[in-house]
Amino acid sequence: MPLNSSSLLAAKAPHFLGLPTTYAPNSAAPFSSLLPFLNKNLQNNSSHVMAVPNLNQSHGLSSSVFEESPSLNLSFAKADKYSRELDIAVRAVQMACSLCQKVQGSLISNINNEIHVKDDHSPVTIADWGVQATVSWILSTSLGSKDVSIVAEEDVQKLSKADKAPLLKVVVQTVNECLAEAHHFGLKAPGMALDNSEVLEAISRCNSTGGPAGRFWALDPVDGTLGFVRRDQYAVALALIEDGEVVLGVLGCPNYPMRKEWLSYHHRYYRIISKLTPPTSESWDKGCVIYAKKGSGEAWMQPLTQGQTNLTWPNSARPIRVSSIDNPALATFCEPVEKANSSHSFAAGLAHSVGLRKQPLRVYSMVKYAAIARGDAEIFMKFARAGYKEKIWDHAAGVIIIEEAGGVVTDAGGQPLDFSRGVYLEGLDRGIIACAGAKLHDKIIKAVDASWNSSSL
Ligand SMILES: Nc1ncnc2c1ncn2[C@@H]1O[C@H](COP(=O)(O)OS(=O)(=O)O)[C@@H](OP(=O)(O)O)[C@H]1O
Ligand SMILES: [Mg+2]
Ligand SMILES: [Mg+2]
Ligand SMILES: [Mg+2]
């Protein structure tokens, strides 16, 4: 489907109002007594109100720039190459976010039945399987299953077991309810509801192992599943990788509103504790979908449509840009919520040594990448424990979005992340550093070695 060309022709440097930040304590998640992993490290959260972007422009995607503007330069030509794939990916992620929101709504009453534990003790829900099946089905039917290769997080081992028939039934129902709405998102719905084997097939088809040659998608159906089950931040992440390079990235962030900058306390308070209608504008409850194409020098954000037929498609999209703050004393850094996923103490030492003065913003999922790309924070650091191998689907979409929004992402040795070596980010040096600009990035990279040698990591 052709997309509105205005996005690629839009102003390249949207302005942001950098408002002061204040601190607010996080509330404990209400479900913490139900599963052991829900209760870890909550006391270590810290949070603050984010800077407010001045979002007064409205733009869409484009796939037909040459028809409307023949004088466009080469960088647009390159960007246009993946327009069809980007269009389908954004729509698929919009649908996936809608699925997640519906499942999240049902978690309150059914939490014990709907959170499962994988062999590595990490959580998985019907949203993880449901999104993987839905996105896999949409990509395959829209782009032709022969041409679609997908690397994704979930498998069907647990779902296929005979004693999991009731779980599979709910997943299949969730997928069919979502796919039935496909036309609201400008996509084709299946002629008939998918049966169990078709849903299992859609999930297990995502069994590519990536690599250096050809084209494949990297999908994290729910990134930050822990945040998802806590009704906090999570993301649907989809990236297209070609010949080892990320060329498209789409991040659906259902709990990261377009106009609201509360990544934590108040947002969560209203969502979790009271379920009250928030006391502000209608956009409070809308999350966002952020996307970028390699080489365009632009990243875009649009609100979740939630399948509303009255919204014109493509929905209004706005350009986003990284923050211009390059003084560490004014910068905010993000890191994972869980100490088990990233060393808070090492990051704290590093932060101190480069003059970062603000408390870390601990956020689940690739919403951290989104926050940097939107200009709501300046630095993201992740230092996993030795031996942990980062997976490509946890980073691909976020990396390209930050880079196209003007930021820099490398490993802790200053090298670009390598998406060409299979499912894992092989060769990653110690950790991941994403910054709003080269100056901040340089300072952090230089400080890593000194801090590393004196740390016990
Ligand atoms: N031990 C360890 N170390 C580092 N990273 C790990 C580890 N275990 C898991 N993971 C991956 O972390 C993903 C969640 O990352 P987050 O940044 O959201 O972490 S946190 O929940 O905020 O702490 C999470 O993604 P999802 O499984 O999609 O939620 C995992 O891929
Ligand atoms: Mg993940
Ligand atoms: Mg996941
Ligand atoms: Mg997981």
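Please read these numbers as outputs of a predicted model, since none were measured by experiment. (Residues numbered from 1 in each chain as written. Chains lettered and ligands numbered in written order. Predicted model: local features only at pLDDT ≥ 70, side-chain atom pairs only at ≥ 80, totals over all residues. Heavy atoms only, no water.)

One finds Leu139 and Trp217 to be the most contacted residues of the largest nonpolar core, which totals 66 residues. Here the element with the most residues in this core is helix α4 (residues 83-114); it accounts for twelve residues. Not counting the four nearest positions on each side in its chain, Leu139 is found in contact with Ile88, Gly144, Val148, Ile150, Trp217 and Leu238. Membership of the second largest hydrophobic core comes to 47 residues, among which are Leu251, Met258, Ile401 and Phe419. (Core = buried A, V, L, I, M, F, W, Y, C linked by side-chain atoms within 4.5 Å. Buried < 20%, exposed > 50% of the residue type's maximum accessible area, 1.4 Å probe, protein only. Helix = DSSP H or I, 4+ residues; strand = E, 2+ residues; numbered from the N terminus. Contact = heavy atoms within 4.5 Å.)

Inspection of every chain in the model, using the stated rule, returns zero disulfides. We note that Cys435 lacks a disulfide partner, and the nearest cysteine sulfur, in Cys334, lies 11 Å from it. (Disulfide = S-S within 2.5 Å.)

So, about the site of ligand 1. Neighbouring residues of ligand 1: 20 residues in total, closest Val337, Glu338, Ser365, Lys368 and Asp394. Against a free-state accessible area of 640 Å², the protein chains account for coverage of 88% of ligand 1. Element by element, the count of residues in the shell around ligand 1 is highest for strand β8 (residues 215-223), at three residues. Grouping the amino acids of the shell around ligand 1 by side-chain chemistry returns eight nonpolar, four polar and eight charged. (Near = heavy atom within 4 Å. Areas by Shrake-Rupley, 256 points an atom, 1.4 Å probe, with all protein chains shown as cover. Nonpolar A, V, L, I, M, F, W, Y, C, P; charged D, E, K, R; others polar.)

Attention shifts here to the side chain of Arg362. Take Arg362: it is sitting in strand β15 (residues 361-362). At a separation of 2.8 Å, a polar atom in the side chain of Arg362 contacts the side chain of Glu335. (Polar contact = N/O pair within 3.5 Å; in protein donor to acceptor, adjacent residues only side chain to side chain.)

Coordinates in, geometry out; function isn't part of it.
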